[in-house]
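Below, each chain spelled out in residue letters.
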Amino acid sequence: MLRSSPPLHRGRVADQIMEDLRAQILSGALPDGARLPSERELAAHYDVSPPTIREAVRVLTAMGLLSTRNGSRTTVTARGDTLLAMSIASVVQFEKMTAADVFGLLGALNAYAVEQAVERASEADIAELRAAAEEAGRIGDVESSSAALLKFFVTLSAISHNPLLAALCRFITEVQIGLSVELAKESGEEWGRVPRSLHKARMDIVDAIAGRDASAAVQLVHEYHTKVVKRLRSSPGAKKRAEADPGLAGALSSWLQANVGHGDGR
């Protein structure tokens, strides 16, 4: 339910309505999953015309704060990971960042995550990480294998018990895995070969965390990511694109454009 709104003043009324709704969404007054009042109800609430409401809703949808599907009522999509993903994707595309830039950052973030996990993770957390590592080592189709690999790294960052760090790691890991799968499809190579070959390296990371050895865990993570980025850049799919897109900036931008939602629930 909408809370009382301040009176609108002279200026762009749609912008004022957008800011008021945005503030209500971010404060939790309009929580994630809540249905927004109808266009007619909003127009009556703000004492404006329906086109003015449509303009404000369009902007909030582009921000990823609202979603409308299949002609149904507009709903609030106030999820931190979605907002973060859209923001990072915009920066990556605007700055024309290369895959090495983005995935190098992931290595640093995961190194910090394991440092935090060594200090903060419970025995139950570590057991969950070990189970995820074992699952990621099993042979399966591309969809199940990539999902298992993502689960391992999501769990790794989650047991740092730092929500912002976990959200950053999750998104960039999704990008890394998604782009790797895409390049493999383009060249017809088997995607799961590289992740399976690094199974022991993932188990070693788990063992270092379990042993509360931060320096070993950090070193292992850096070595892991160095190998992943090297193999990604030398993959048949990357080589195929090498002349036209040497840093994979174009491939990265295309993947983000196709996979990071803009108010559609991602």
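Attention now goes to the overall build of the protein chain. Secondary structure assignment for the protein chain yields 13 helices and two strands. In terms of its C-alpha atoms, the protein chain occupies a principal-axis envelope of roughly 65 × 45 × 30 Å. Looking at the protein chain residue by residue over its 266 residues, the buried ones come to 44%. A sequence separation of at least 24 residues applies to 72% of the contacts in the protein chain between residues at least 6 apart. A total accessible area of about 13,500 Å² is found for the protein chain, and carbon and sulfur atoms account for 54% of it. Distance between charge centroids for the protein chain: 3 Å, based on 31 positive and 32 negative side chains.

Quick look at the packing of helix H4 (residues 80-94) against helix H8 (residues 163-187) now. Interaxial distance between H4 and H8 falls to 10 Å at its minimum, and their mutual angle equals 60°. In terms of orientation, H4 and H8 fall into the oblique class. For the pair H4 and H8, the crossing hand works out as right-handed. Note on element contacts: H8 touches H4 through Ala-167, Leu-168 and Phe-171, opposite Leu-84, Ala-85, Ile-88 and Ala-89. Tallied by class, the residues present in the contact of H4 with H8 amount to seven nonpolar, no polar and no charged.

In the predicted model, the protein chain carries a mean pLDDT of 89, and 93% of its residues have values of at least 70. Within the protein chain, the lowest mean pLDDT, 81, falls on H4, and the highest, 98, falls on helix H10 (residues 199-210). Confidence drops under pLDDT 50 across residues 262-266; counting only partners more than four residues distant or on other chains, this segment forms 21 contacts.

A few words on the pattern of salt bridges. Where charged atoms from two side chains of opposite charge approach closely, those side chains can pair. Under the defined criterion, the tally for this structure stands at 13 salt bridges. Arg-241 is the partner of Glu-186 in a salt bridge, and the nearest nitrogen-oxygen pair spans 2.8 Å. Of this pair, Glu-186 sits in helix H8 while Arg-241 is found in helix H12 (residues 236-241), placing the two residues 55 residues apart along the sequence. On the accessibility criterion, Arg-241 (24% relative accessible area) is partly exposed. A salt bridge links Arg-196 to Glu-190; the nearest nitrogen and oxygen atoms lie 2.2 Å apart. Given the relative accessible area of 24%, Arg-196 is considered partly exposed.

Assignment of secondary structure puts Ala-85 in helix H4. With a relative accessible area of 0%, Ala-85 lands in the buried category. A sequence separation of 69 residues divides Ala-85 from Val-154, and the C-alpha atoms of the two residues are 15 Å apart.

Attention shifts here to the packing of helix H2 (residues 39-46) against helix H3 (residues 50-62). Between H2 and H3, whose axes approach to 9 Å, the crossing angle comes to 105°. In terms of their interaxial angle, H2 and H3 are classed as roughly perpendicular. Taking contact as the criterion, the partners of Glu-39, Leu-42, Ala-43 and Tyr-46 in H2 are, on H3, Pro-50, Ile-53 and Arg-54.

Moving on, we get to the packing of aromatic side chains. What describes a pair of aromatic rings is the distance from one ring centre to the other and the angle between the planes of the rings. Under the defined criterion, the tally for this structure stands at two aromatic pairs. Look at Phe-152 and Phe-153: their rings are 4.9 Å apart centre to centre, the planes differ by 80°, and that puts the pair in the edge-to-face class. Of the residues examined, Phe-152 reaches a relative accessible area of 0% and is grouped as buried. A relative accessible area of 6% means that Phe-153 is categorised as buried. Geometrically, the ring pair formed by Phe-153 and Tyr-224 is tilted, given 5.5 Å between the ring centres and 55° between the ring planes. Of the two residues, Phe-153 is situated in helix H7 (residues 142-158) and Tyr-224 in helix H11 (residues 214-233); the sequence distance between them amounts to 71 residues. Accessibility classification places Phe-153 together with Tyr-224 in one group, the buried group.

Cut-offs applied
- Residues numbered from 1 in each chain as written.
- Predicted model: local features only at pLDDT ≥ 70, side-chain atom pairs only at ≥ 80, totals over all residues.
- Heavy atoms only, no water.
- Helix = DSSP H or I, 4+ residues; strand = E, 2+ residues; numbered from the N terminus.
- Buried < 20%, exposed > 50% of the residue type's maximum accessible area, 1.4 Å probe, protein only.
- Contact = heavy atoms within 4.5 Å.
- Areas by Shrake-Rupley, 256 points an atom, 1.4 Å probe, with all protein chains shown as cover.
- Lys, Arg positive; Asp, Glu negative; His and termini not counted.
- Charge placed at Lys NZ, Arg CZ, Asp CG, Glu CD.
- Axes fitted to C-alpha atoms, helices over the stretch in contact; angles between N-to-C directions.
- Parallel < 35°, antiparallel > 145°, perpendicular 65-115°, else oblique.
- Left-handed = near helix turned anticlockwise from the far one by under 90°.
- Nonpolar A, V, L, I, M, F, W, Y, C, P; charged D, E, K, R; others polar.
- pLDDT = per-residue confidence, 0-100.
- Salt bridge = Lys/Arg side-chain N within 4 Å of Asp/Glu carboxyl O.
- Phe/Tyr/Trp six-rings, centres within 6.5 Å; stacked < 30°, edge-to-face > 60°.

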